[in-house]
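Observations on the model geometry
The residues making up each chain are set out below.
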Amino acid sequence: MNTIDNAINELLEAIKQSREYVEYRYQLEKINMQPELRSQIDAYRDENFALQSNTPEDQLLWKIEQFEEKYRKFRENPLVNDFLVAELAFVRKIQEVNLKIAEGIQFE
């Protein structure tokens, strides 16, 4: 194995031991025990992704407000909210790692 492969393996282990990943996996396990709720969360995530990917910038704020209002009650479910909060924290950690790698090698 070469140096980069070793470093990747070390990084993967560090990620798996991070607070963000451990919490995400814990919340994911809880959600996976309720397939109907998991399906609803997946639909919520799909709609959120489509909204942010396909909405013209001048309409985005208004559309996000509508989306949040539509799902307000859904997000009040502690299982849903805890999972989505944990997922977001983990995604942000991965984004931070990717950004640091790109900056560190001056990749534009």
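Keep in mind that what you see is a predicted model, and the values were worked out from it rather than measured.

1. Thoughts on the layout of surface pockets
By volume, the largest pocket is sized at about 630 Å³. Elements with a minimum of two residues in the lining of the largest pocket: α3 (35-54), α4 (57-70), α5 (72-75) and α6 (78-104). Ranked by residues supplied to the lining of the largest pocket, first place goes to α6 with six residues. The residue inventory of the lining of the largest pocket, partitioned by class, reads nine nonpolar, three polar and five charged.

2. Comments concerning a nonpolar patch on the surface
Where nonpolar side chains cluster on the molecular surface, the patch consists of Leu-11, Ile-101, Ile-105 and Phe-107 and spans about 420 Å² of accessible area. Within the secondary structure layout, Phe-107 lies in the segment after α6. Owing to a relative accessible area of 62%, Phe-107 belongs among the exposed residues under this scheme.

3. As for the packing of helix α2 (residues 19-32) against α3
Running from amino to carboxyl end, α2 crosses α3 at an angle of 120°, the nearest separation of the two axes being 7 Å. The residues of α3 that touch α2, namely those facing Leu-28, Ile-31 and Asn-32, are Pro-35, Leu-37, Arg-38 and Ile-41. By residue class, the composition of the contact of α2 with α3 is five nonpolar, one polar and one charged.

4. Things to note about α3
For α3, which comprises 20 residues, the first-to-last C-alpha distance of 28 Å matches the rise-based estimate of 28 Å (1.5 Å per residue) to within 8%. Those residues of α3 lying buried are Leu-37, Ile-41, Tyr-44 and Leu-51. For α3, the buried positions fall inside an angular range of 90° around the axis, keeping them on one side. Opposite the buried face of α3, by more than 90 degrees, sit the exposed residues Pro-35, Glu-36, Asp-46, Phe-49 and Asn-54. Each element contacted by the buried residues of α3 is listed here: α2, α4, α5 and α6.

5. Remarks on the packing of aromatic side chains
Inspection of every chain in the model, using the stated rule, returns eight aromatic pairs. For the pair Tyr-24 and Phe-90, a centre-to-centre distance of 5.4 Å together with 15° between the ring planes defines the contact as stacked. Of this pair, Tyr-24 sits in helix α2 while Phe-90 sits in helix α6; the two residues are 66 residues apart in sequence, bridging distant segments of the chain. The exposure class of Tyr-24 is buried, given its relative accessible area of 15%. On the accessibility criterion, Phe-90 (14% relative accessible area) is buried. Three or more aromatic residues link up through ring pairs in this structure, and these residues are Tyr-21, Tyr-24, Phe-83 and Phe-90.

Thresholds applied
- Every chain begins its residue count from 1, and numbering advances along the sequence as written.
- Note on the predicted model: pLDDT of at least 70 is required for a residue's local features to be given, and 80 or more for side-chain atom pairs to be given and counted; whole-chain, interface and lining totals, by contrast, use all residues.
- Computation of side-chain values covers all heavy atoms of the structure but excludes hydrogens and water.
- With a 1 Å grid spanning the protein atoms alone, the term cavity applies to any set of points in which a 1.4 Å probe fits but cannot get out, the term pocket to an open set with protein on both sides within 12 Å along at least five of seven lines, and the term lining residue to any residue with an atom within 4 Å of a point.
- Grid points are joined across faces, edges and corners, and a volume is the space filled by probe spheres set on the points.
- Only runs of H or I of at least four residues qualify as helices and only runs of E of at least two qualify as strands under DSSP, and these elements are numbered from the N terminus.
- Classes in brief: Ala, Val, Leu, Ile, Met, Phe, Trp, Tyr, Cys and Pro nonpolar; Asp, Glu, Lys and Arg charged; the others, Gly included, polar.
- Each patch is built from residues lacking any salt bridge and having more than 30% relative accessible area; the joining distance is 9 Å for like charges and 5 Å for nonpolar side chains (Val, Leu, Ile, Met, Phe, Trp, Tyr).
- In these tables, accessible area is a Shrake-Rupley quantity obtained with a 1.4 Å probe, and a residue counts as shielded only by the protein chains included in the view.
- A side-chain nitrogen of Lys or Arg and a carboxyl oxygen of Asp or Glu constitute a salt bridge if their distance falls within 4 Å.
- When a residue's accessible area, from a 1.4 Å probe over protein chains only, is under 20% of the maximum for its type it is buried; when over 50% it is exposed; and in between it is partly exposed.
- The axes are straight lines fitted to the C-alpha atoms, using for helices just the contacting stretch, and the angles between their N-to-C directions are given from 0 to 180°.
- The contact criterion used throughout is that any non-hydrogen atoms of two residues lie within 4.5 Å.
- For a helix, the expected span equals 1.5 Å multiplied by the number of residues minus one.
- The directions from the helix axis to the C-beta atoms are what the arc is built from.
- Centres within 6.5 Å make a pair out of two Phe, Tyr or Trp rings, where for Trp the six-membered ring is used; the pair is then stacked when the planes are under 30 degrees apart, edge-to-face when over 60, and tilted otherwise.

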